[in-house]
Amino acid sequence: MSILNILRYPDPRLHKVAKPVSIFDDRIKQLAADMADTMYDAPGVGLAASQVDVHEQLVVIDTSETNTELQVFINPEIIWASEEKKVYDEGCLSVPGIYDGVERPAEVKVRAFDVDGKPFELHADGLLAVCIQHEMDHLKGKVFVEYLSPLKRNRIKTKMIKEEREEQRSKAKGR
């Protein structure tokens, strides 16, 4: 089990666009496993490789209450989205402690590959649909706070920078 370091907003590396995975090997399987461990440890329901500073199109999601329904999406693409939109309160492991409403399509159909390189399609609604769209945004270099007003986004950015500084001071004192 490896717990990876999750980048925190406003780290500029969160805005890098992820490249497609072309080789489905043990490295990708290990990355998916480490990302799952990291997500469960955080705890969260989704994590994109971009958030752990690996800029490849890989996402792990588990929206179950029991953490027993891990789904891995490699090179995901939304092939259909409903016209109906819903607002969900979203949070993000890269923006800890911040939650706000984001409007997205209520349902999506996604095409992706599993860790063995097998293609699949999945129809999702509710929390799973939100997670898929949220994590895919990370692969495009977008963080959910970018859907918020500039005022809210700047307040969040200031808060995250302040918290990061305080953590660094605490670590320095603890040495």
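Summary of the structure given here. Note that this is a predicted model, so its numbers are computed, not measured. (Residues numbered from 1 in each chain as written. Predicted model: local features only at pLDDT ≥ 70, side-chain atom pairs only at ≥ 80, totals over all residues. Heavy atoms only, no water.)

## Things to note about the overall build of the chain
Thought 1: Check the secondary structure of the chain and you find 3 helices and 7 strands.
Thought 2: Dimensions along the principal axes, computed over C-alpha positions, put the chain at roughly 50 × 40 × 30 Å.
Thought 3: Placing the 25 positive and 30 negative side-chain charges of the chain at their respective mean positions leaves the two points 9 Å apart. (Helix = DSSP H or I, 4+ residues; strand = E, 2+ residues; numbered from the N terminus. Lys, Arg positive; Asp, Glu negative; His and termini not counted. Charge placed at Lys NZ, Arg CZ, Asp CG, Glu CD.)

## Structural notes on unusual backbone geometry
Thought 1: Residue Pro10 follows Tyr9 across a cis peptide bond; omega there is 10°.
Thought 2: Topologically, Pro10 is positioned in the segment before α1 (26-41).
Thought 3: For the peptide bond that leads from Ala42 to Pro43, omega is -15°, which places it in the cis range.
Thought 4: Within the secondary structure, Pro43 sits in the loop between α1 and β1 (46-48).
Thought 5: With a phi angle near 65°, Asp53 is a residue other than glycine that sits in the positive phi range.
Thought 6: Checked against the element boundaries, Asp53 lands in the loop between β1 and β2 (58-61).

## Here we look at the state of the cysteines
Thought 1: Using the criterion set out here, one finds 0 disulfides in the structure.
Thought 2: Of the cysteine sulfurs around Cys92, a residue in no disulfide, the closest is that of Cys131, at 11 Å.
Thought 3: Cys92 gets classed as buried once you look at its relative accessible area, which sits at 9%.
Thought 4: A residue is classified by how much of its surface remains accessible, and Cys131, at 6% relative accessible area, is buried. (Disulfide = S-S within 2.5 Å. Buried < 20%, exposed > 50% of the residue type's maximum accessible area, 1.4 Å probe, protein only.)

## A closer look at the pattern of salt bridges
Thought 1: The full count for this structure, using the stated rule, is 14 salt bridges.
Thought 2: A salt bridge links Arg8 to Glu164, with the nearest nitrogen and oxygen atoms 3.8 Å apart. Here Arg8, found in the segment before α1, pairs with Glu164, found in helix α3 (residues 150-173); they are 156 residues apart in sequence, far enough to count as distant.
Thought 3: On the basis of relative accessible area, Arg8 is assigned to the buried category, the value being 17%.
Thought 4: With its nearest N and O atoms 3.2 Å apart, the salt bridge here joins Arg111 to Glu121. With Arg111 in strand β6 (residues 107-113) and Glu121 in strand β7 (residues 119-125), this pair connects stretches of sequence that are 10 residues apart.
Thought 5: Classification of Arg111 by relative accessible area gives partly exposed; the value is 35%. (Salt bridge = Lys/Arg side-chain N within 4 Å of Asp/Glu carboxyl O.)

## Re the sheet that holds β1
Thought 1: Pairing is antiparallel in the open sheet, where 5 strands are placed in the order β1-β2-β3-β6-β7. With partners counted over all chains shown, the strands left at the sheet margins are β1 and β7, one partner each. Sheet twist, expressed as the mean angle between neighbouring strand axes with direction ignored, is 40°.
Thought 2: One ladder, built from 7 bridges, connects β6 with β7; its direction is antiparallel. Of the residues in β7, the one forming a bridge with Val108 is Ala124.
Thought 3: Its contacts with the sheet put α1 on β1, β2 and β3 (71-81), and the angle it makes with β2 is roughly 40°.
Thought 4: Seen against the sheet, helix α2 (residues 126-139) touches β1, β2, β3, β6 and β7 and runs at an angle of roughly 120° to β7. (Pairing = 2+ DSSP bridges. Axes fitted to C-alpha atoms, helices over the stretch in contact; angles between N-to-C directions. Contact = heavy atoms within 4.5 Å.)

## A closer look at the layout of surface pockets
Thought 1: Here the largest pocket is characterised by a volume of approximately 500 Å³.
Thought 2: Lining the largest pocket we find 26 residues, and of these Gly44, Gly91, Cys92, Leu93 and Tyr99 sit closest to its centre.
Thought 3: The set of elements that each furnish at least two residues to the lining of the largest pocket consists of β4 (85-92), β5 (95-105) and α2.
Thought 4: Looking at which element gives the most residues to the lining of the largest pocket, the answer is α2, with 6 residues.
Thought 5: Grouping the amino acids of the lining of the largest pocket by side-chain chemistry returns 14 nonpolar, 8 polar and 4 charged. (1 Å grid on protein atoms, 1.4 Å probe; cavity = no way out; pocket = protein on both sides within 12 Å on 5 of 7 lines; lining within 4 Å. Points joined across faces, edges and corners; volume = space filled by probe spheres on them. Nonpolar A, V, L, I, M, F, W, Y, C, P; charged D, E, K, R; others polar.)

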